[in-house]
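An overview of the molecular structure
The chain contents come next:
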Amino acid sequence: MNVNFNNRDPVYFQIIRYFKEKIAIGEFEPGEEIPSRRELANRMKVNPNTAQRAYKEMEEQGLIYTERNLPSKITTDTKVLGKVREELIVEAVDTFVASVRSINVPVDELLDLVRTKYLESDKEV
Amino acid sequence: MKKYLKLVNFEFNRVVKLFIVLLGITLVVQVAGVIIKSKDYLNMANEKINEDLIPKAQFLTDYGQFSFLHIIRSLWFVGPIALCAAGVAFYIFLIWYRDWVGKNIFVYRLLMLPTTRFNIFFAKISNILIMTLGLVAFQLILLPLEAMVLKWMVPDEFRNDMGIEEMITSIPELNIIIPSSFVELILYYGAGLMAVSILFTAILMERSFKWKGIIAGVIYSAIAVIVFISPVLLQEFVLNSYFYPMELFVIEIVMAVIVLAASVWMSGFLLKKKVTV
Amino acid sequence: MIEVKEVEKKFGRKKILKDVSFTANKGEITCLIGINGVGKTTLLNAIMALTPINNGEILIDGEPVKEKTFEKISLIPDALTMIPNMTIEEAMEFMNDFYTSWNRERAEELLGFFRLNKNDRISSLSKGNTAKVNLLLGLALDVDYVLMDEPFSGIDMFSREEIANVFTSHLIENRGVIITTHEVNDIEHLIDKVVLLDDGMVTKEFDAEKAREDDGMSVIDVMREVYQG
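Residues numbered from 1 in each chain as written. Chains lettered and ligands numbered in written order. Predicted model: local features only at pLDDT ≥ 70, side-chain atom pairs only at ≥ 80, totals over all residues. Heavy atoms only, no water.

- Per an unreviewed UniProt entry, chain B goes by ABC-2 family transporter protein and derives from Salinibacillus kushneri.

- If you look chain A up in an unreviewed UniProt entry, it shows as DNA-binding transcriptional regulator YhcF, GntR family from Salinibacillus kushneri.

1. A look at the interface of chain B and chain C
- Between chain B and chain C, the residue contacts involve 24 residues of the former and 25 residues of the latter.
- Of the roughly 2300 Å² buried where chain B meets chain C, counting both sides, 61% is carbon and sulfur surface.
- Contact with chain C buries surface across chain B, with Asn104(B), Arg109(B) and Met112(B) losing the most and accounting together for 29% of the total.
- At the surface where chain B touches chain C, the tally comes to 0 salt bridges.
- Taken together, the connections running from chain B to chain C amount to 9 residue pairs in polar contact (both at pLDDT 80 or more). (Contact = heavy atoms within 4.5 Å. Buried area = accessible area lost by both parts, 1.4 Å probe. Salt bridge = Lys/Arg side-chain N within 4 Å of Asp/Glu carboxyl O. Polar contact = N/O pair within 3.5 Å; in protein donor to acceptor, adjacent residues only side chain to side chain.)

2. Remarks on the packing of aromatic side chains
- On inspection of all chains with the given rule, the structure shows 24 aromatic pairs over all chains.
- Aromatic pair Tyr12(A) and Phe13(A): ring centres 6.4 Å apart, planes at 85°, arrangement edge-to-face.
- On the accessibility criterion, Tyr12(A) (5% relative accessible area) is buried.
- Given the relative accessible area of 46%, Phe13(A) is considered partly exposed.
- Pairing Phe94(C) with Phe98(C) gives two aromatic rings, centres 4.8 Å apart and planes at 40°, and the pair type is tilted. Taken together, the positions of Phe94(C) and Phe98(C), both in helix H2 (residues 88-98) and 4 residues apart, correspond to about one turn of that helix.
- A cation over an aromatic ring shows up here: Arg53(A) above the ring of Tyr12(A), its NZ or CZ 3.9 Å from the ring centre. (Phe/Tyr/Trp six-rings, centres within 6.5 Å; stacked < 30°, edge-to-face > 60°. Buried < 20%, exposed > 50% of the residue type's maximum accessible area, 1.4 Å probe, protein only. Helix = DSSP H or I, 4+ residues; strand = E, 2+ residues; numbered from the N terminus. Lys NZ or Arg CZ within 6 Å of the ring centre and 35° of its normal.)

3. A few points about the interface of chain A and chain C
- Listed per partner, the contact involves 19 residues of chain A and 22 residues of chain C.
- Across the interface of chain A and chain C, roughly 1700 Å² is buried in total on both sides, 41% from carbon and sulfur atoms.
- The three residues of chain A that bury the most area against chain C are Asn7(A), Arg8(A) and Arg38(A), which together make up 33% of that side's buried surface.
- Put simply, Arg53(A) and Glu213(C) hold a salt bridge, and the shortest N to O gap is 2.9 Å.
- At the surface where chain A touches chain C, the tally comes to 15 residue pairs in polar contact (both at pLDDT 80 or more).
- A breakdown of the residues in the side of chain A that touches chain C according to their chemical character gives 7 nonpolar, 6 polar and 6 charged. (Nonpolar A, V, L, I, M, F, W, Y, C, P; charged D, E, K, R; others polar.)

4. Quick word on a nonpolar patch on the surface
- Residues Val225(B), Ile229(B), Val232(B), Leu233(B), Leu234(B), Phe237(B), Val238(B), Leu239(B) and Tyr242(B) make up a contiguous nonpolar surface patch of about 840 Å² in total accessible area.
- Its location among the elements puts Leu234(B) in helix H9 (residues 182-238). (Patch = residues over 30% accessible without salt bridge, like charges linked within 9 Å, V, L, I, M, F, W, Y side chains within 5 Å. Areas by Shrake-Rupley, 256 points an atom, 1.4 Å probe, with all protein chains shown as cover.)

5. As for empty space enclosed by the protein
- With the rule as written, the count across this model stands at 1 cavity of 30 Å³ or more.
- Around the largest cavity sit Arg109(B), Met112(B), Met48(C), Phe70(C), Ile73(C), Ser74(C), Leu75(C), Tyr99(C) and Leu141(C), which together line it.
- The biggest single contributor to the lining of the largest cavity is strand E5 (residues 73-76) of chain C, with 3 residues.
- Partitioned by chemical class, the residues of the lining of the largest cavity number 7 nonpolar, 1 polar and 1 charged. (1 Å grid on protein atoms, 1.4 Å probe; cavity = no way out; pocket = protein on both sides within 12 Å on 5 of 7 lines; lining within 4 Å. Points joined across faces, edges and corners; volume = space filled by probe spheres on them.)

6. Overview of the UniProt feature "domain: HTH gntR-type" (unreviewed entry) in chain A
- When the UniProt feature table is mapped to this numbering, "domain: HTH gntR-type" (unreviewed entry) covers residues 9-77 of chain A.
- Here residues 9-77 of chain A runs as 51% helix and 6% strand, with 28 Å between its end C-alpha atoms. (UniProt positions renumbered as here; feature names shortened; annotations may be inferred.)

7. Side note on the domain arrangement of chain B
Residues and elements named next belong to chain B.
- When cut into domains, chain B gives domain 1 (1-169) and domain 2 (179-277).
- Using only C-alpha atoms to locate each centre, domain 1 and domain 2 end up separated by 27 Å.
- Residue-level contacts link 22 residues of domain 1 with 18 residues of domain 2.
- Here domain 1 and domain 2 share an interface that buries about 2100 Å² over both sides, 84% of which is from carbon and sulfur atoms.
- On the surface where domain 1 and domain 2 come into contact, there are 0 salt bridges.
- Viewed at the interface, domain 2 and domain 1 are joined by 3 residue pairs in polar contact (both at pLDDT 80 or more).
- Top contributing element to the side of domain 1 that touches domain 2 by residue count: helix H6 (residues 118-153), with 11 residues.
- Residue composition of the side of domain 1 that touches domain 2, grouped by class: 18 nonpolar, 2 polar and 2 charged. (Domains from an automatic or database assignment.)

8. Concerning the packing of H6(B) against helix H10 (residues 245-274) of chain B
Residues and elements named next belong to chain B.
- Running from amino to carboxyl end, H6 crosses H10 at an angle of 125°, the nearest separation of the two axes being 8 Å. Here H10 runs oblique to H6, going by the angle between their axes. Once H6 is placed against H10, the crossing between them reads as right-handed. Between H6, through Phe-118, Ile-120, Phe-121 and Phe-122, and H10, the contact on the second element is made entirely by Val-264, Ser-267, Gly-268, Leu-271 and Lys-272. (Axes fitted to C-alpha atoms, helices over the stretch in contact; angles between N-to-C directions. Parallel < 35°, antiparallel > 145°, perpendicular 65-115°, else oblique. Left-handed = near helix turned anticlockwise from the far one by under 90°.)

9. Quick look at the pattern of salt bridges
- Scanning all chains against the criterion turns up 38 salt bridges over all chains.
- Between Glu27(A) and Lys22(A) there is a salt bridge whose closest N-O contact spans 3.3 Å.
- Residue Glu27(A) is classed as partly exposed on the basis of its relative accessible area of 45%.
- What makes Lys22(A) buried here is its relative accessible area of 17%.
- For the salt bridge of Glu206(B) with Arg207(B), the shortest nitrogen-to-oxygen distance reads 2.9 Å. The same class applies to Glu206(B) as to Arg207(B), namely buried.
- One network of salt bridges, with partners in common, ties together Glu11(B), Arg14(B), Asp99(B) and Lys124(B).

10. Comments concerning the pairing of strand E9 (residues 201-207) of chain C
Residues and elements named next belong to chain C.
- Two strands pair when backbone bridges link them, and strand E8 (residues 193-198) and E9 are joined in this way by 6 bridges, in the antiparallel orientation. Bridging across to E9, Asp-198 finds its partner in Met-201.
- In sequence, E8 turns back onto E9 through a hairpin of 2 residues, with Asp-199 there showing a positive phi of about 55°. (Pairing = 2+ DSSP bridges.)

11. Focus on the pairing of strand E2 (residues 14-24) of chain C
All names here are of chain C.
- The sheet contact formed by strand E1 (residues 2-11) and E2 spans 7 bridges and is antiparallel. Along E2, the bridge assignment pairs Val-4 with Phe-22.
- Between E1 and the antiparallel strand that follows it, E2, lie 2 residues; Gly-12 among them carries a positive phi value of about 65°.

The following block contains the structure:
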């Protein structure tokens with residue numbers, strides 16, 4: 001769990017984002033146990049209160065759930081899981097669009113380019 | 001109380017090396033003195049009797065028998081006592097200042113102990129007392145031992161044996177550190193304790209207020225001494241021997257207790273409210 | 001809660017602390033930031049009643065410091081406060097003798113955590129290990145508050161990492177911590193609250209996460225704004 005946090009976004013927010021990414025790519029599977037808040041704080045080298053806050057927030061968003069004294073788990077709710085993936089994609093595309101807009105590229109040309117690049121990077125991996 | 005005793009024990013462990021060194025020096029130098037002084041006397045006797053052919057009886061009337069007095073009055077005997085006294089005097093200061101100097105400043109820990117800071121003062125003053133009494137007790141044990149060495153060295157007819165008490169009363173310096181009565185013991189050591197408490201207070205003033213503290217410490221010491229001897233001064237110069245000696249004596253004791261109490265209170269106050277790491 | 005109220009401290013004629021007020025809560029890590037010589041160490045000493053203050057008031061859970069207070073607050077100064085010719089074990093024994101709040105088990109655990117050897121003499125330790133022993137002596141007390149004076153300064157990188165790990169472990173959990181530093185980089189993500197000290201005053205007291213959330217500012221951004229703005 002090596003996360004490079006930036007200093008300007010709230011740390012709890014960055015933790016949630018990290019979880020969302022892992023869920024989206026399937027590294028965290030539905031129903032999988034996640035570390036305790038102290039363990040997480042220790043592994044991510046963040047303040048335990050911040051880890052606590054991130055968990056609380058994720059619980060409210062339905063990303064994780066806790067059954068009485070058991071360790072928290074990733075949600076099995078497919079609707080929520082689907083939304084996470086969608087949210088991340090939309091967010092990434094939004095950022096991309098915002099930065100590419102200023103260059104005024106026609107949409108078709110842009111999409112072609114995106115397709116080529118995307119496939120290229122796939123081959124490399 | 002338990003923490004006071006622990007602190008006393010802890011402080012003692014910190015000085016035990018110095019203490020043993022002082023005991024060792026005293027033992028070695030004094031016993032060496034007994035042997036050397038005795039040898040000198042015997043050599044002289046030998047020379048006079050065998051070479052100058054002075055009759056033994058004549059020699060003894062001219063030069064006298066050898067007694068422990070010869071040793072007690074020599075540097076061999078008094079030197080180590082003076083050294084021990086100087087050691088204790090030096091340690092009165094060192095016992096405080098060593099906590100403030102160096103890379104590891106121990107006074108932080110002392111002041112953060114969950115016990116009243118009075119205990120720090122009492123533990124340190126107790127250690128000065130223990131050290132002093134320890135050295136004196138050792139001297140008391142040494143005296144008969146040294147007398148025995150002398151007996152081995154010098155034949156009967158050249159020797160004038162002395163009792164321990166006679167030895168002690170033969171020079172006033174020894175008589176003060178080893179008083180002959182219990183009352184004297186209390187008085188001498190009480191006065192010593194008072195003096196140390198005044199010095200401790202002055203040291204703590206310095207530790208609390210630095211340069212200004214030195215001045216305050218000197219003034220405090222002066223006042224304490226004046227208060228202590230004021231009855232005597234009044235008796236001499238103002239009251240024309242108004243008090244009986246016994247009355248004056250009792251008043252002096254009261255003054256000493258007052259000065260001691262004031263020093264303890266002042267030291268406690270400084271340790272609690274004014275001292276700085 | 002540790003409350004520092006309008007504290008003033010003079011050295012001779014020089015006012016080191018002019019008017020310092022802040023609070024530090026239990027369960028939070030409060031970071032006192034200021035350049036060297038700004039009076040951070042003096043402030044910690046004042047909280048522990050190791051140096052008198054000229055004005056103001058310092059309360060620990062609503063009470064001024066008295067002898068019992070030292071069972072619930074510990075200071076880890078930047079130098080070791082044990083006698084150099086003691087071994088680590090002897091130093092631990094000393095603590096055990098005098099503090100009822102000394103936790104033997106935790107002390108042993110810390111010994112392992114920092115990979116220290118009990119029989120080493122304190123005077124023979126490296127700078128990093130000295131700092132670790134110092135932390136051990138402070139953290140093995142079951143106290144509610146721990147004050148640390150520049151725990152990272154002048155220490156090698158690996159020791160820094162090990163020490164930083166303390167902050168995210170159960171060793172600190174639920175305690176109130178005040179840590180001083182002149183360099184926040186290492187611990188930016190570890191702290192809850194920041195108190196900026198400058199010229200003998202608190203120039204700003206803020207919640208680190210809140211600054212990021214509300215203003216998108218890192219601790220250093222806030223410092224820059226305060227000092228240069």
